[in-house]
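Here are the chains, one letter per residue:
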Amino acid sequence: MLISPIHHTFAPHVNIHYIMRAFLILLAPWKWRSGNSLKLLSQELEQRLNADAYLFASGREALCALLRTLELRNGEEVIVQGYTCVAVSNAIHTAGGVPIYADIDRETLNMTVESVDEMITQRTKAIICQHTFGIPSPTKELKELCTKKNLLLIEDCAHIIPDKDGPEQIGKHGDFIFYSFGRDKAVSGITGGALFSRKSDVSLKLNEEYKHTTTLSYFIILRYLTYPFVYAIAKPFYGLFIGKAFLYLLKKIKWMVPVLTKQEKEGHQSPIAHQLPNALAFLIIGQFKRLNIINDHRRKLTKFYLEEGKKHNWPVPDGIKSDMPLQKFPLFVRNAGDIRAQLKKKNIHLDDGWTGCVVCPSTIYLDPTNYVPGSDPEAESACEQILSLPTHPTMSMKQAKEMSRQLNRLL
Ligand SMILES: Cc1ncc(COP(=O)(O)O)c(C=O)c1O
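Definitions and limits used
Residues numbered from 1 in each chain as written. Predicted model: local features only at pLDDT ≥ 70, side-chain atom pairs only at ≥ 80, totals over all residues. Heavy atoms only, no water. Helix = DSSP H or I, 4+ residues; strand = E, 2+ residues; numbered from the N terminus. Buried < 20%, exposed > 50% of the residue type's maximum accessible area, 1.4 Å probe, protein only. Contact = heavy atoms within 4.5 Å. Phe/Tyr/Trp six-rings, centres within 6.5 Å; stacked < 30°, edge-to-face > 60°. Lys NZ or Arg CZ within 6 Å of the ring centre and 35° of its normal. Domains from an automatic or database assignment. Buried area = accessible area lost by both parts, 1.4 Å probe. Salt bridge = Lys/Arg side-chain N within 4 Å of Asp/Glu carboxyl O. Polar contact = N/O pair within 3.5 Å; in protein donor to acceptor, adjacent residues only side chain to side chain. Pairing = 2+ DSSP bridges. Axes fitted to C-alpha atoms, helices over the stretch in contact; angles between N-to-C directions. Disulfide = S-S within 2.5 Å. 1 Å grid on protein atoms, 1.4 Å probe; cavity = no way out; pocket = protein on both sides within 12 Å on 5 of 7 lines; lining within 4 Å. Points joined across faces, edges and corners; volume = space filled by probe spheres on them. Nonpolar A, V, L, I, M, F, W, Y, C, P; charged D, E, K, R; others polar.

Undergrad: Residue-level account of the environment of Leu 145, with values.
TA: Relative to the helices and strands, Leu 145 resides in helix H6 (residues 139-149). For Leu 145, a relative accessible area of 6% corresponds to the buried category. Taking the C-alpha atoms as reference, Leu 145 lies 9.1 Å from Val 116; in sequence the two are 29 residues apart. Setting aside residues no more than four positions away along its own chain, Leu 145 makes contact with Val 113, Val 116, Asp 117 and Ile 120.

So this is what it looks like as structure tokens:
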């Protein structure tokens, strides 16, 4: 059995570069809340996307701030895809809108122009397309549809941030775009989000909305900043009792800030928006400096899994191409749950929260999400059969080979 786990969410970005930066900023508490990094990150992102940028403490807060600015009247609808994150539907609800779910194409895990078109009504205000796991959504076609129907297109780039090698179409067509800098996202600041606006009238309102954001407390920032160190200590020993016990203890005393709160699982997002702390902007800048290296690593693993898939007849979605820097690599198997359970015994943890649910993770309450079971059959069947393989920066090729060997034994 592996002592260090293969895992989707165990500090997937935390390597020596990350630790060094976290250490530097940890020693400078006067820079935690505000400082130069916020300005530098904002400038860099505005240039990259050619849009106005706003930095928040999470992707969900960024999305919610945008939707509030759009002044959704009660009952106005925002189309999202089935197979999405509850943070998206919560943000829509908190902004006063109603999420409507369009089915996906199993081969891309993304909404299609046809599935979206079917869901458009008089009440539709915007469409949020999501590049699931980094597979590009058909944004050009969706933008054409939006133009025809006078709707806004929001690109959810939580799972992918393109670099100089692409994918080119991501972030190109949206009226608005948002990033998440969560722990297991394309780029990570432990938490964080960015919103981009290409509509000057909305940017003016966003400037106003942004003035009402508040700052996270020093105590919460401290808890975030210790996250890389906690996992750097726990990870190598996770296969032994001490690693698990250490993490359990920190969870018990509520030191680790949860990704989803109990209220969020129940469908309630707080309407209070927070600015991104400067300390986390500092970590994110470090990640952007290495974006091409991070994405190349993801491309290398994507290519490796594709080749393994071909060799061993894995049912891989057709939409995956070898030059995609996937956030994770999905394949379909009939007994996905059993396989995950078998692999767990080998310290390979492939449960990433995106299994067995159309609005993820499966531990949320479905009722408040407005998803009606049975309405998106493709999304429902895909999420039952999906098995995702890690491509993150701390997943080594050696680990990928070992995991693939174990997987082939079970398939
Ligand atoms: C597709 C998608 N959109 C939005 C979000 C929200 O991002 P954040 O966790 O930064 O609020 C997430 C993840 O949580 C996500 O997976």
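Undergrad: An account of the packing of aromatic side chains is needed here, citing residue identities and associated values.
TA: Under the counting rule described, the total for this entry stands at 16 aromatic pairs. Summarising the aromatic geometry, the rings of Tyr 305 and Phe 329 are spaced 5.3 Å apart at their centres and angled 50° between planes, so their arrangement reads as tilted. Of this pair, Tyr 305 sits in helix H12 (residues 291-312) while Phe 329 is found in strand S12 (residues 328-332), placing the two residues 24 residues apart along the sequence. Under the relative-accessibility criterion, Tyr 305 is labelled buried at 0%. Cluster of aromatic residues (ring-pair linked, three or more members): Phe 10, Tyr 227, Tyr 231 and Tyr 238. The ring of Tyr 227 has Arg 183 lying over it, and the distance from NZ or CZ to the ring centre is 5.2 Å.

Undergrad: Go over unusual backbone geometry with me, naming the residues and quoting the values.
TA: Leave glycine aside and you will find that most residues have negative phi; peptide bonds, for their part, are mostly trans. That bond from Gly 166 to Pro 167 is cis: its omega, 0°, falls within 30 degrees of zero. In this structure, Pro 167 sits in the loop between strand S9 (152-156) and strand S10 (176-180). Although it is not a glycine, Asn 313 adopts a positive phi angle of roughly 60°. On the secondary structure map, Asn 313 appears in the loop between H12 and S12. One non-glycine residue with positive phi stands out, namely Asn 370, at about 75°. Within the element layout of this structure, Asn 370 appears in the loop between strand S14 (359-360) and helix H14 (377-385).

Undergrad: Account for the domain arrangement of the protein chain, naming residues and giving values.
TA: By a widely used convention, the size of an interface equals the accessible area lost when the partners come together. Taken domain by domain, the protein chain holds domain 1 (14-291 + 359-374) and domain 2 (292-358 + 375-401). Taking only C-alpha atoms into account, the centre of domain 1 sits 21 Å from that of domain 2. At the interface, 45 residues of domain 1 touch 40 residues of domain 2. Both faces combined, the contact of domain 1 with domain 2 buries some 3,500 Å², and carbon together with sulfur accounts for 53% of it. Together, Tyr 83, Arg 106 and Phe 133 form the three largest contributors to the area buried by domain 1 at its contact with domain 2, with a combined 22%. For the interface between domain 1 and domain 2, the tally reads 1 salt bridge. Linking Asp 163 and Arg 299 is a salt bridge whose minimum nitrogen-to-oxygen distance equals 2.7 Å. Linking domain 1 with domain 2 are 30 residue pairs in polar contact (both at pLDDT 80 or more).

Undergrad: With reference to specific residues and values, describe the sheet that holds strand S11 (residues 193-197).
TA: Strand order in the open sheet formed by 7 strands is S2-S11-S10-S9-S8-S3-S5, and the pairing between neighbours is mixed. Of all the strands in the sheet, the pair left with one neighbour each is strand S2 (52-56) and strand S5 (98-102). Within the sheet, the average angular offset between the axes of one strand and its neighbour, ignoring direction, is 20°. As paired strands, strand S3 (residues 77-81) and strand S8 (residues 124-130) are joined by 3 bridges and run parallel to one another. Opposite Ile 79, over in S8, you have Ile 127 as the bridge partner. Across the sheet, helix H4 (residues 86-94) touches S3, S5, S8 and S9, and the angle it forms with S5 is around 145°.

Undergrad: Account for the state of the cysteines, naming residues and giving values.
TA: All chains considered together, the criterion is met by 0 disulfides. Its sulfur unpaired, Cys 146 is 8.2 Å from the next cysteine sulfur, which belongs to Cys 129. Cys 146 gets classed as buried once you look at its relative accessible area, which sits at 1%. With no disulfide partner, Cys 157 has as its closest neighbouring cysteine sulfur the one in Cys 129, 7.5 Å distant. You can call Cys 157 buried: its relative accessible area is 1%.

Undergrad: Can you explain the pairing of S12? Please cite residues and give values.
TA: With 5 of 5 residues buried, S12 is to be regarded as a mostly interior element. Burial along S12 is two-sided: Lys 328, Pro 330 and Phe 332 and Phe 329 and Leu 331, pointing in opposite directions, are all buried.

Undergrad: Go over empty space enclosed by the protein with me, naming the residues and quoting the values.
TA: Summed over the entire model, instances satisfying the criterion amount to 4 cavities of 30 Å³ or more. Quantified by volume, the largest cavity comes out at close to 50 Å³. Forming the walls of the largest cavity are His 8, Pro 12, Asp 184, Arg 298, Gln 327, Lys 328 and His 392. Of the residues assigned to the lining of the largest cavity, the class counts are 1 nonpolar, 3 polar and 3 charged.

Undergrad: Explain the pattern of salt bridges residue by residue, including any values.
TA: Side-chain pairs of opposite charge can arise whenever the charged atoms involved come near each other. Enumeration according to the criterion identifies 21 salt bridges in this entry. One salt bridge in this structure joins Glu 307 and Lys 303, with 3.8 Å as the shortest N-O distance. In this pair, Glu 307 and Lys 303 are both assigned in helix H12, 4 residues apart and thus about one turn of the helix distant. The class of Lys 303 is partly exposed, set by a relative accessible area of 41%. Between Lys 328 and Asp 352 there is a salt bridge, with the nearest N and O atoms lying 2.8 Å from each other. Within this pair, whereas Lys 328 is found in strand S12, its partner Asp 352 is found in the loop between strand S13 (348-349) and S14, the two being separated by 24 residues in sequence. Across the pair, exposure class does not vary: Lys 328 and Asp 352 are buried alike. When salt bridges with common partners are traced through the structure, they connect Glu 71, Arg 73 and Lys 205 into a single cluster.

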